[in-house]
Amino acid sequence: MKSLRKNSTRGTFSIRETSAVIDICRNSYGSVLFSMGNTKVICAVSIDTDVPDFARNKNTGWLTAEYTMLPYSTGKRTKREFSKRDGRSVEIQRLIGRSLRAGIDLDRFQGFSMFIDCDVLQADGGTRTASITGGYIAMKLAVDRMLREGLLQENPLKGNIAAISIGIVDDEILLDLDYSEDSRADVDMNIVMNSKLELIEIQGSSEQAPFSVDRMNRMVEIAGKGIKELMNIQNSCCN
């Protein structure tokens, strides 16, 4: 398909060049440097036996995530977050946590907490979706290690979780938006799916003009094809 992207040969429904470099953090149970285009995120897992009371009372484990944009990740320096968290970061890390919890049976993770830290080294659009997709890789690596070490007796993972952005720019649907596209999008959506390409979450809004249900359904369909590609990448580096 002819590219409708400005200054790019990438197809309208194509994902950006994507790579995953695993096991980059020695002290993490599972880690990856996940890149989509110029967006680069380190996702790293820590495991603890300190489980929140609400999970302990239900005899389950727990999984949570933290998300941070490092100061040099954007053109204008991003301030470090200390005692007061930025509202955007809190919202994104909740999305990451919700999404990845959909991929694990916490009943089979009893006695453990998993922390997934997502640190954005470089931001060029899609940092939350890259964090979810890379976060699953780190989670899978960590669970595999726990199984090898005998910390877990059975695999608690239900299947892949991945996410991608999609939007309408100049009245055309574009998959996997970079910052230049996202900043002028009429519609911007983030879509999370599982390995069956069932929807986990949709975040979307009309920035400029309303859009039809039919067009939204078409965007979900296109996003599913991009997510399937991302899951193939996940599997290639986790198996």
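Computed from a predicted model, the values in this text were never measured in an experiment.

J.: Honestly, unusual backbone geometry in this entry has me stumped. Any pointers?
T.: Excluding glycine, a negative phi dihedral is what most residues carry, and trans is how most peptide bonds are arranged. The phi dihedral of Asn-59 falls on the positive side, at around 60 degrees, and the residue is not glycine. Of note, Asn-59 is situated in the loop between helix H1 (53-57) and strand S4 (62-69). Accessibility expressed as a relative area gives 47% for Asn-59, which makes it partly exposed. Even without a glycine there, the phi angle at Asp-176 is positive, about 60 degrees.

J.: Would you mind going over the packing of helix H2 (residues 87-101) against helix H3 (residues 127-148) with me for this structure?
T.: Geometry of a packed helix pair, given as the angle between the helix axes and the separation of the axes. Close contact between H2 and H3 brings their axes to 10 Å; oriented N to C, the two are set at 40 degrees. In terms of orientation, H2 lies oblique with respect to H3. Every pair of crossing elements has a handedness; the one defined by H2 and H3 is right-handed. Side by side, H2 and H3 meet where Arg-88, Glu-91, Ile-92, Leu-95, Ile-96, Ser-99 and Leu-100 of the first sit next to Thr-127, Arg-128, Ser-131, Ile-132, Gly-135, Tyr-136 and Met-139 of the second.

J.: So what exactly am I meant to see when it comes to the sheet that holds strand S5 (residues 113-122) here?
T.: The strands making up a sheet associate through backbone hydrogen bonding, with each pair oriented either parallel or antiparallel. The sheet built from five strands is open, its strands ordered S1-S2-S3-S5-S4 with mixed pairing. This sheet does not close on itself; its edge strands, each paired only once, are strand S1 (18-22) and S4. Between one strand axis and the next, the sheet turns through 20 degrees on average, direction left out of account. The sheet strands contacting H3 are S1, strand S2 (30-36), strand S3 (39-48), S4 and S5, and the helix crosses S3 at an angle near 35 degrees.

Thresholds applied
- Residues numbered from 1 in each chain as written.
- Predicted model: local features only at pLDDT ≥ 70, side-chain atom pairs only at ≥ 80, totals over all residues.
- Heavy atoms only, no water.
- Helix = DSSP H or I, 4+ residues; strand = E, 2+ residues; numbered from the N terminus.
- Buried < 20%, exposed > 50% of the residue type's maximum accessible area, 1.4 Å probe, protein only.
- Axes fitted to C-alpha atoms, helices over the stretch in contact; angles between N-to-C directions.
- Parallel < 35°, antiparallel > 145°, perpendicular 65-115°, else oblique.
- Left-handed = near helix turned anticlockwise from the far one by under 90°.
- Contact = heavy atoms within 4.5 Å.
- Pairing = 2+ DSSP bridges.

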